[in-house]
Amino acid sequence: MSKLVITTPFGVTFSFPRGWSAVDVALKGKPARVRVATTHLQPGVPAIRNAQGQELYAAPAQSPYPVTALGDFNAPPTEVTGPYGTFTTGGYDDAWRTIHGPGGGFTAVQDPDLRNLPSKLSSRIDYVFYRPTHLSAVSARVIGDKVRDRTPTGLWPSDHAGPVVRLRLHWPIGGAAGRLSSVVRTGRR
């Protein structure tokens, strides 16, 4: 786990750990699993964020299951030396780009008080990556990005909009007999 460590002028040290979580999801009634990893990488310090992205990339590398990694990567797709480049040059596909191409899909960022109007979403830093060996993107959309998504008191649901992606799992995997397609929904809310 990578972390940002800050020492104040008074000698007090604060640590801000950032990590990732993964779960192996079993598909109801099927002998298949998908490893789903999620993260929120460190904003503002590219060296730490990039190290965290490399750690997340390496962690599921030996998974016996198909892998998807999703979350707030805090880096645009144009930053090829950051987490986006690590994943896309390392064998993962970007679900949004697969479905819609390189444009749109903006997920960041509204004002901290969530009251801004119009929307300030102008960059894409939240992703759903997947290994295309046994997974394929079926659909991708963004939620929480429309004025109608605001609360009755006028707040955006989050400072980020959330990508919602449908992935299809292709069989056979690991010698399983037959062919089956199932849908795994991933995304950020």
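That block above? That's the structure.
Residues numbered from 1 in each chain as written. Predicted model: local features only at pLDDT ≥ 70, side-chain atom pairs only at ≥ 80, totals over all residues. Heavy atoms only, no water.

Student: So what's going on with the nonpolar core? Which residues, and what values?
Tutor: Ala95, Val128, Tyr130, Leu135, Val165, Leu167 and Leu169 are the most contacted members of the largest nonpolar core, which has 18 residues in total. Counting only elements with at least two residues in this core, the list comes to β4 (33-40), α3 (95-100), β7 (126-130), β8 (135-143) and β9 (162-170). If you tally residues by element for this core, the top one is β8, at 4 residues. (Core = buried A, V, L, I, M, F, W, Y, C linked by side-chain atoms within 4.5 Å. Buried < 20%, exposed > 50% of the residue type's maximum accessible area, 1.4 Å probe, protein only. Helix = DSSP H or I, 4+ residues; strand = E, 2+ residues; numbered from the N terminus.)

Student: I'd like to hear about the pattern of salt bridges, residue by residue, with values.
Tutor: Under the definition given, this model contains 5 salt bridges. Ionic pairing is found between Arg35 and Asp24, a salt bridge with its closest N-O pair at 2.5 Å. Of this pair, Arg35 sits in strand β4 while Asp24 is found in strand β3 (residues 20-26), placing the two residues 11 residues apart along the sequence. Taking the relative accessible area as the measure of exposure, Asp24 reaches 30% and is therefore partly exposed. (Salt bridge = Lys/Arg side-chain N within 4 Å of Asp/Glu carboxyl O.)

Student: Explain the sheet that holds strand β6 (residues 93-94) to me, and be specific about the residues and the numbers.
Tutor: Ordered by their spatial adjacency, 5 strands build an open sheet running β3-β4-β5-β7-β6, and the pairing between neighbours is mixed. Of all strands in the sheet, those with a lone pairing partner are β3 and β6, marking the two edges. Alignment of β4 against strand β5 (residues 67-72), held across 6 bridges, turns out to be parallel. Within β5, the position partnered with His40 by the bridge is Asp72. (Pairing = 2+ DSSP bridges.)

Student: For the packing of aromatic side chains, give the residues involved together with the corresponding values.
Tutor: Summed over the entire model, instances satisfying the criterion amount to 10 aromatic pairs. Geometrically, the ring pair formed by Tyr84 and Tyr127 is tilted, given 5.1 Å between the ring centres and 55 degrees between the ring planes. With Tyr84 in helix α2 (residues 83-88) and Tyr127 in strand β7, this pair connects stretches of sequence that are 43 residues apart. Tyr127 shares its class with Tyr84; the two are buried. Between Tyr127 and Phe129, the aromatic rings sit 5.2 Å apart at their centres with planes inclined by 25 degrees, giving stacked as the arrangement. Taken as a pair, Tyr127 and Phe129 share a single burial class, namely buried. A network of ring pairs unites the aromatic residues Tyr57, Phe73, Tyr84, Phe87, Tyr92, Tyr127 and Phe129 as a single cluster. (Phe/Tyr/Trp six-rings, centres within 6.5 Å; stacked < 30°, edge-to-face > 60°.)

Student: So what about the environment of Gly154? Which residues, and what values?
Tutor: Along the chain, Gly154 turns up in the loop between β8 and β9. With relative accessibility at 16%, the residue Gly154 sits in the buried group. C-alpha of Gly154 to C-alpha of Leu117: the two residues are 37 residues apart in sequence and 9.0 Å apart in space. In this view, Gly154 contacts Leu114 and Arg115; residues no more than four positions away in its chain are not counted. (Contact = heavy atoms within 4.5 Å.)

In short, geometric facts, not functional conclusions.
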